[in-house]
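Chain and residue survey
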Amino acid sequence: MKGLEPDRSTMPGADTTARANVNVALIKYWGKRDTALNLPSTGSISLTLDGLWVKASCAFGDGSVDECLIDGSGEAGDDATRVLRFVDLIRNEAGIAARARVNTTSGVPKGIGLASSAAAFASLAVAVSRAAGMRLEPPALSALARRGSGSAARSIFGGFVEWHRGERPDGRDSIAEPILPPAGWDVRMVVAVTSSARKAISSSEGMQRAASSPLYPPWVESAERDLAEARRAIAARDLEALGLVAEHSALKMHAIGLAARPPLVYWLGATVECIHRVWALREEGTRGYVTIDAGPQVKVLCEPADAPTIAGALRDVAGVERVLTCAPGRGAEVRG
Ligand code: DP6
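These lines cover the structure that appears in this document, whether it is placed above or below. Per chain, residues are indexed from 1 in the order of the written sequence. pLDDT decides what is reported in this predicted model: residues at 70 or higher carry local features, side-chain atom pairs at 80 or more are listed and counted, and totals for whole chains, interfaces and linings draw on all residues regardless. Only heavy atoms go into the side-chain values, all of them from the structure, while hydrogens and water stay out.

Helix numbers and strand numbers start at the N terminus; a helix is a DSSP run of H or I with at least 4 residues, a strand a run of E with at least 2. Assigned secondary structure in the protein consists of nine helices and 13 strands. For the protein, whose C-alpha radius of gyration is 19 Å, the value lies close to the compact-globule estimate of 20 Å for 336 residues. Residue contacts are defined here by distance: any two heavy atoms, one from each residue, within 4.5 Å place the two residues in contact. Across the protein, the fraction of contacts at a sequence separation of at least 24, relative to all contacts at a separation of at least 6, is 77%. To measure how exposed things are, a 1.4 Å probe is used in the Shrake-Rupley method; for residues, cover is taken only from the protein chains shown. Element-wise, carbon and sulfur atoms account for 51% of the exposed surface of the protein, whose accessible area totals about 14200 Å². For the radius of gyration, the atom set is restricted to C-alpha positions; the globular benchmark scales as 2.2 Å times the number of residues to the power 0.38.

See the structure below:
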């Protein structure tokens, strides 16, 4: 992989900690052209959010097995398996054999249904590669994070970020790059939590099912137009233009699931109620635009001044458990 040269100044054995924030896609990643490498069928554009982070620490040593602690628990399970598979990948790239001790801590409140895997694999990419003696530039870190979870490619960077589909079969060109830094445009994302339950159908499974939908080919075909519209809107700091294309991308993604076989519906009643509340507010002049990921939570893009009104309205929707408001956040960084 490009840029994966070992860093002679950081020998294996050193403990490294990194932190990364979650991101929310405005133009969605939904479907893969290569499942093993997490290469997307289309590009995507996201906003990295402040205050919702995952911290990862890693050290390589002379232990006899890899150790993995997730939020203080060393239990074996799907999450630990995924983390250790990722560690293995980096160990191979680094050409070392030492066993790893990995520890991740999530600063994303439990049960808010905000996929923290993007932040987890972005922070792991930084911490584990450094601990393995590599010094990777952000593009190489993005390609590496992508191997853990596609959307993690975007959490390497702060603010507005585009992840390119790429053309190469090896994925070297499927990396994210920043469009605008966090201070480049001060917007807010209001998140309405409508269920704290862990999602039944993961993003990966949902994407596989999408392939059975007659709406999938038009989704791929229309992606470039959506991306171009979003890029233009971000460059012009045009909230309405960005919001409308983001809503369109999210609703199209969920329409794919409705038409899949078997069908896939991530929404709850409260999800639909929140959409109507946001649209009603818009009629009254408060501009908020909805996006929804592989779950029932509703995220609303808006101006900072409108965030309290939107948060208040969503708090009143029956079935909404909690509402939080996030500003644009920074990219992944090494932390003590
Ligand atoms: C709906 O990145 O979680 O949030 O690559 O299989 O790990 P894997 O999927 P993941 O999918 C995120 C899907 C989404 C849209 C998006 O973030 O672009």
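Turning our eyes to something else, we now look at unusual backbone geometry. For the peptide bond that leads from R261 to P262, omega is -5°, which places it in the cis range. Take P262: it is sitting in the loop between α7 (239-258) and α8 (269-283). For D71, which is not glycine, the phi dihedral falls at a positive 50°. Assignment of secondary structure puts D71 in the loop between β5 (67-70) and α1 (78-94). We note that R237 has phi near 50°; this positive angle belongs to a residue other than glycine. For R237, the location among the structural elements is in the loop between α6 (216-235) and α7.

Below, the discussion takes up the pattern of salt bridges. Should a side-chain nitrogen of Lys or Arg be within 4 Å of a carboxyl oxygen of Asp or Glu, the pair is scored as a salt bridge. For the coordinates displayed, the defined rule picks out 18 salt bridges. Measuring nitrogen to oxygen at the nearest pair gives 3.6 Å for the salt bridge that ties R172 to D170. The cut-offs for exposure are 20% and 50% of the maximum accessible area for each residue type, with area from a 1.4 Å probe on protein chains only; residues under the lower value are buried, those over the upper are exposed, and the others partly exposed. Overall, the relative accessible area of 45% leaves R172 in the partly exposed class. Between K252 and D226 there is a salt bridge; the shortest N-O distance is 2.7 Å. In this pair, K252 is assigned in helix α7 and D226 in helix α6, connecting sequence segments 26 residues apart. For K252, a relative accessible area of 18% corresponds to the buried category. Overall, D226 belongs to the buried group, its relative accessible area being 7%. Connected via shared salt-bridge partners are D66, D88, R91 and R99.

What follows is about the site of the ligand. Whether a residue is near a molecule or strand depends on its heavy atoms: it is near if one of them lies within 4 Å of it. What surrounds the ligand is a group of 18 residues, the closest being Y29, K32, S151, R154 and S204. Polar contact is the term for a pair of N or O atoms within 3.5 Å; when the atoms are in protein, one must be able to donate a hydrogen and the other to accept it, and sequence-neighboring residues count only if both atoms are side-chain atoms. Between an oxygen atom of the ligand and a side-chain N or O atom of K32, the distance comes to 2.6 Å. Within the contact set of the ligand, an oxygen atom lies 2.6 Å away from a side-chain nitrogen or oxygen of S151. For the ligand, whose free accessible area comes to 460 Å², the fraction covered by protein is 93%.

To continue, consider the environment of V300. With respect to the secondary-structure elements, V300 resides in strand β11 (residues 298-302). Put simply, V300 and R135 are 165 residues apart on the chain and 37 Å apart in space, counted from C-alpha to C-alpha.

By nonpolar core we mean a set of buried residues, namely Ala, Val, Leu, Ile, Met, Phe, Trp, Tyr and Cys, connected to one another through side-chain atoms within 4.5 Å. Ranked by internal contacts, the top residues of the largest apolar core, which has 50 residues, are W30, F60, F86, L124 and I156. In terms of residues, this core owes the most to one element, helix α2 (residues 117-131), which gives eight residues. Those residues in contact with L124, other than ones at most four positions away along the chain, are A56, V83, F86, I90, V102, T104 and S129. Ranked by size, the runner-up nonpolar core spans 33 residues in total, among them V108, A119, A120 and V245.

Before going further, it helps to spend a moment on the environment of S155. Topologically, S155 is positioned in helix α4 (residues 152-155). Residue classification places S155 among the buried residues on the basis of a relative accessible area of 0%. Put simply, S155 and N103 are 52 residues apart on the chain and 19 Å apart in space, counted from C-alpha to C-alpha. At a separation of 2.6 Å, a polar atom in the side chain of S155 contacts the main-chain carbonyl oxygen of N21.

Take the pairing of β5 next. Pairing between strands requires that DSSP locate at least two bridges from one strand to the other. One ladder, built from four bridges, connects β5 with strand β6 (residues 99-106); its direction is parallel. Looking at the pairing, E67 lines up with R101 of β6. A right-handed crossover is one whose linking path, passing over the helix from the first strand to the second, runs clockwise when the strands point away from the viewer. Of the crossover connections in this fold, the one passing from β5 over α1 to the parallel β6 is left-handed.

Before going further, it helps to spend a moment on the state of the cysteines. Here, a disulfide means two cysteine sulfur atoms that sit within 2.5 Å of each other. Counted by the stated rule, this structure contains zero disulfides. Of all cysteine sulfurs, the one in C68 lies closest to C58, which takes part in no disulfide; the gap is 10.0 Å. Since its relative accessible area comes to 0%, C58 is described here as buried. C302 supplies the cysteine sulfur nearest to C326, a cysteine that is in no disulfide, at a spacing of 11 Å.

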